[in-house]
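Structure at a glance
Here is how the chains run, residue by residue.
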Amino acid sequence: GAGVSQSPSNKVTEKGKDVELRCDPISGHTALYWYRQRLGQGLEFLIYFQGNSAPDKSGLPSDRFSAERTGESVSTLTIQRTQQEDSAVYLCASSLGYSGSGDTQYFGPGTRLTVL
Amino acid sequence: AQSVTQLGSHVSVSEGALVLLRCNYSSSVPPYLFWYVQYPNQGLQLLLKYTSAATLVKGINGFEAEFKKSETSFHLTKPSAHMSDAAEYFCAVTRNSGNTPLVFGKGTRLSVIA
C-alpha cells in the first residue's frame with residue numbers, strides 16, 4: 001500500500017514569505033506527527049495530531065508556525081514570514097494511533113525547505 | 001523528560017566487519033526504544049523497536065539491538081557490514097504509552113569501506 005507522502009519535495013523561498021507544506025498519511029492512521037531536521041541535527045518534534053485535534057503542540061518553535069489536519073487525513077504545516085533559521089527538512093510521520101505496544105511511526109520522504 | 005545520546009556522529013567500518021552503533025537513553029518511565037535508518041534523500045525507515053517483550057530485538061537487514069536497563073543502553077549491532085548499510089542511523093525513545101512523539105538522538109553516520 002501507499003506510504004506517507006509529502007509535497008513539495010523541495011521548496012525554495014525568500015525570507016519573509018509564507019510557505020505551506022503538505023502531508024498525506026497512510027490511510028487509516030489516526031495519529032500524525034510533524035518533525036524538523038536541521039543540518040547536522042537529530043529530528044525535533046513539532047506537533048502531533050490525534051484525529052483532527054492537536055493534543056501536543058509543544059514543539060512549535062514560534063507563533064509563525066501552525067498546522068491543521070482535516071478529515072483525519074491530510075495535514076498542512078504553515079510557516080509565516082519565513083526566516084533563514086527555518087531552513088530544514090520537514091518530516092511527517094503517521095501511525096495507527098493506539099496506546100501501548102510502541103505504536104510505530106512511518107515517515108514520509110520529507111520536504112526540504114530553503115529560505116534565502 | 002526523555003533524552004537520547006548517540007555516541008559518535010560518524011562511524012566507519014570495513015566491509016564484513018562488526019557494526020556497533022551506541023545509544024543511551026534517559027527516561028523516568030519504562031521506555032519504548034526504536035532504531036531508524038535514513039538512506040540518502042529518503043525518509044526514515046524503522047529497523048527495529050523494543051517494547052518490553054524481549055530484551056534482544058531482531059530487526060531488518062540483519063541488525064539487532066539489546067535493551068540493557070542497568071546500563072540504560074540500546075546499542076545497535078550487525079555481525080558483518082555490507083556496503084549497502086552506509087546510511088544515517090537514529091535512535092529514538094518514547095514514553096510507555098505509545099501514541100506519543102519520539103525523542104531522537106542526533107544520529108550516527110555509518111560509512112562502510114570496501
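Just so we're clear, the structure is a prediction, and the values are computed from it rather than from any experiment.

Scoring rules and cut-offs
Residues numbered from 1 in each chain as written. Chains lettered and ligands numbered in written order. Predicted model: local features only at pLDDT ≥ 70, side-chain atom pairs only at ≥ 80, totals over all residues. Heavy atoms only, no water. Helix = DSSP H or I, 4+ residues; strand = E, 2+ residues; numbered from the N terminus. Buried < 20%, exposed > 50% of the residue type's maximum accessible area, 1.4 Å probe, protein only. Phe/Tyr/Trp six-rings, centres within 6.5 Å; stacked < 30°, edge-to-face > 60°. Pairing = 2+ DSSP bridges. Disulfide = S-S within 2.5 Å. Contact = heavy atoms within 4.5 Å. Buried area = accessible area lost by both parts, 1.4 Å probe. Salt bridge = Lys/Arg side-chain N within 4 Å of Asp/Glu carboxyl O. Polar contact = N/O pair within 3.5 Å; in protein donor to acceptor, adjacent residues only side chain to side chain. Nonpolar A, V, L, I, M, F, W, Y, C, P; charged D, E, K, R; others polar.

A closer look at unusual backbone geometry
Note the cis peptide between Ser7(A) and Pro8(A), where omega equals -10°. Here Pro8(A) is to be found in the loop between β1 (5-7) and β2 (10-13). Positioned with a positive phi, Glu72(A) is a non-glycine residue whose angle comes to about 50°. Locating Glu72(A) in the fold gives a position in the loop between β7 (65-69) and β8 (75-79). Relative accessible area serves as the criterion here: at 45%, Glu72(A) is assigned to the partly exposed category. The residue Thr72(B) is not glycine, and still its phi comes out positive at about 45°. Assignment of secondary structure puts Thr72(B) in the loop between β8 (64-68) and β9 (73-78).

Observations regarding the packing of aromatic side chains
Counted under the stated rule, the structure contains 14 aromatic pairs over all chains. Between Tyr33(A) and Tyr35(A), the ring centres sit 6.3 Å apart and the planes meet at 20°, which makes this aromatic pair stacked. For the pair Tyr33(A) and Tyr35(A), a shared accessibility class is recorded, and that class is buried. Ring centres 6.2 Å apart and planes at 50° place the aromatic pair Tyr50(B) and Phe74(B) in the tilted group. Of this pair, Tyr50(B) sits in strand β6 (residues 44-50) while Phe74(B) sits in strand β9, and the two are 24 residues apart along the sequence. By the burial criterion, Tyr50(B) is buried, and Phe74(B) matches it. Here a set of aromatic residues connected by ring pairs shows up, and it is made of Tyr33(A), Tyr35(A), Phe45(A), Tyr48(A), Phe107(A), Phe34(B), Tyr36(B), Phe90(B) and Phe104(B).

A short note on the pairing of strand β4 (residues 31-37) of chain A
Residues and elements named next belong to chain A. In terms of burial, β4 is largely enclosed, as seven of its seven residues are buried. Judged by which residues are buried, β4 turns out to be covered on both faces: Ala 31, Tyr 33, Tyr 35 and Gln 37 on one side and Leu 32, Trp 34 and Arg 36 on the other are all buried. Judged from the seven bridges that link them, β4 and strand β5 (residues 43-50) form a sheet pairing that is antiparallel. By the bridge assignment for β5, Trp 34 is matched with Ile 47. The loop that links β4 with its antiparallel partner β5 comprises five residues; one of these, Gly 40, has a positive phi angle of about 75°. One ladder, built from seven bridges, connects β4 with strand β9 (residues 88-95); its direction is antiparallel. Its bridge partner lying in β9, Trp 34 is registered against Cys 92.

Describing the state of the cysteines
All names here are of chain B. Tallied over the full model, the rule gives two disulfides over all chains. One disulfide bridge connects Cys 23 with Cys 91, the sulfur atoms lying 2.0 Å from each other. Negative torsions about the S-S bond denote left-handed disulfides, and the value of about -65° found for Cys 23 with Cys 91 makes this one left-handed. Taken together, the positions of Cys 23 in the loop between β3 (19-21) and β4 (24-26) and Cys 91 in strand β10 (residues 87-94) put the pair 68 residues apart, joining distant regions of the chain.

Focus on the interface of chain A and chain B
Contacts between the two partners involve 24 residues from chain A, matched on the other side by 20 residues from chain B. For the pair chain A and chain B, the summed buried area comes to about 1700 Å², and 51% of that belongs to carbon and sulfur atoms. The tally of links from chain A across to chain B stands at zero salt bridges. On inspection of chain A and its partner chain B, the count reaches four residue pairs in polar contact (both at pLDDT 80 or more). Those elements that place two or more of their residues in the side of chain A that touches chain B are β4 and β5 of chain A. Of the residues contributing to the side of chain A that touches chain B, the split by class is 10 nonpolar, 12 polar and two charged.

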